[in-house]
Amino acid sequence: MTSHAPNPDLLAKAETLAEALPYMQRYAGQTFVVKYGGHAMGNAEAATDFAEDVVLLKAVGINPIVVHGGGPQIGAMLKAQGIESRFVDGLRVTDAPTMKTAEMVLSGAINKEIVSWISRAGGRAVGISGKDGRLVTVEKVQHPTDDLGFVGEPDDIDTRVLDTISKAGMIPVVAPIGVGPDGETYNINADTMAGALAIATGAERLFLLTDVAGVLDKQKNLIPDLTPSQIKMLRVDGTISGGMIPKLETCIDAVEGGVDAAVILDGRVPHAMLIEIFTKQGAGTLVRQG
């Protein structure tokens, strides 16, 4: 009898699936909140990879909740309308006309585009914002020197609409818009929104997909694991600075609020989320309590 050696490529794929099995078993039934943003959102190939990853998570019994940003797209639409953008400490000053445009871009164009990507990948998604079902009630962000307008941060979260969508076998895609105490519409930072939803849903993981590999040391090497106390030390010595600071603050808030771990990932890397979740080597920087 002649024996034929298996195709090495097929063998590698089989070994990858076998390696993933214990992780699939561990995470089945758990909730993962994924913040999708950065320039990967504007790349069709990256968007397709992301949608396939999310559909796969749902197929193996994980409940993904997608929260998306849209700052560049809002900026482009405001510019086209002749509305000037102004930022204070990284937050867009949001007057009534700006808020109207932001909601149109976030809850309309971007939200439904992500829903369609997931649909094309074979999944079923429902696009909502924090206004739907009073998912997210906000309080206005108070700045010491400027009035930021309709910029809010989550104050109360009612997860029933998310629970309903997930239990029906569908994937919630959430625009970072919330409702004020008097029914006003507020813009919310997407990282902040994702962190708050992760805490409120008792998520096992929070993923922040961005445009960098993760947290880098002073030699520009990736730091694979961090604790909140280590993050504070790296801020003091200047290793962590700029836009990475608020992302890591979101991660710290999440793990201190009961999320098992938060991960900063490069959304430009194909299937980075699957590598992080289902392999020993992981990807990006994982933050958890020390």
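First, a word on scope: everything that follows refers to the structure included in this document. (Residues numbered from 1 in each chain as written. Predicted model: local features only at pLDDT ≥ 70, side-chain atom pairs only at ≥ 80, totals over all residues. Heavy atoms only, no water.)

## Re the layout of surface pockets
If a probe the size of a water molecule is rolled over the atoms, the empty space left behind becomes visible. To keep it simple, the criterion reads: Think of a 1 Å grid over just the protein atoms. A cavity is a set of points where a 1.4 Å probe fits yet cannot get out, a pocket is an open set with protein on both sides within 12 Å along at least five of seven lines, and lining residues have an atom within 4 Å of a point. Grid points are joined across faces, edges and corners, and a volume is the space filled by probe spheres set on the points. In this text, helices come from DSSP runs of H or I with a minimum length of four residues, and strands from runs of E with a minimum of two, each type numbered from the N-terminal end.
Empty space within the second largest pocket amounts to approximately 250 Å³. Lining the second largest pocket are 18 residues, and of these Glu276, Thr279, Lys280, Gly282 and Leu286 lie nearest its centre. Sorting elements by how many residues they give to the lining of the second largest pocket places helix α1 (residues 8–27) first, with 3 residues.

## A closer look at the nonpolar core
The line we're drawing: Residue types Ala, Val, Leu, Ile, Met, Phe, Trp, Tyr and Cys, when buried and joined through side-chain atoms within 4.5 Å, form a set referred to as a nonpolar core. The classification of residues rests on relative accessible area computed with a 1.4 Å probe and restricted to protein chains. Under 20% of the type maximum is buried, over 50% is exposed, and intermediate values are partly exposed. Here, residues are in contact when the closest pair of their heavy atoms is within 4.5 Å.
Core analysis: the biggest nonpolar cluster contains 42 residues, and Tyr36, Ile118, Phe207 and Met273 have the highest contact counts within it. Here this core takes 9 residues from helix α4 (residues 96–120), the largest share from any one element. Contacts of methionine 273, omitting those with residues within four sequence positions, involve Val34, Phe50, Asp53, Val54, Leu57, Phe207, Leu209 and Leu265. Counting residues in hydrophobic clusters, the runner-up holds 36 residues, among them Leu197, Leu208, Val259 and Ile264.

## Description of a negative patch on the surface
For clarity, the cut-off: Each patch is assembled from residues with relative accessible area greater than 30% and no salt bridge, linking like charges that lie within 9 Å and nonpolar side chains (Val, Leu, Ile, Met, Phe, Trp, Tyr) that lie within 5 Å. Per-residue and other accessible areas were derived by the Shrake-Rupley procedure at a 1.4 Å probe size, with only the shown protein chains allowed to occlude residues. When a carboxyl oxygen of Asp or Glu lies within 4 Å of a side-chain nitrogen of Lys or Arg, that pair is called a salt bridge. Charged residues are defined here as Lys and Arg on the positive side and Asp and Glu on the negative side; His and the ends of the chain fall outside this count. By convention, charge coordinates are those of NZ in Lys, CZ in Arg, CG in Asp, or CD in Glu.
A surface patch of negative charge is lined by Glu139, Glu153, Asp155 and Asp156. By secondary structure assignment, the location of aspartate 156 is in strand β7 (residues 151–157). Judged by relative accessible area, aspartate 156 falls into the partly exposed class, the value being 45%.

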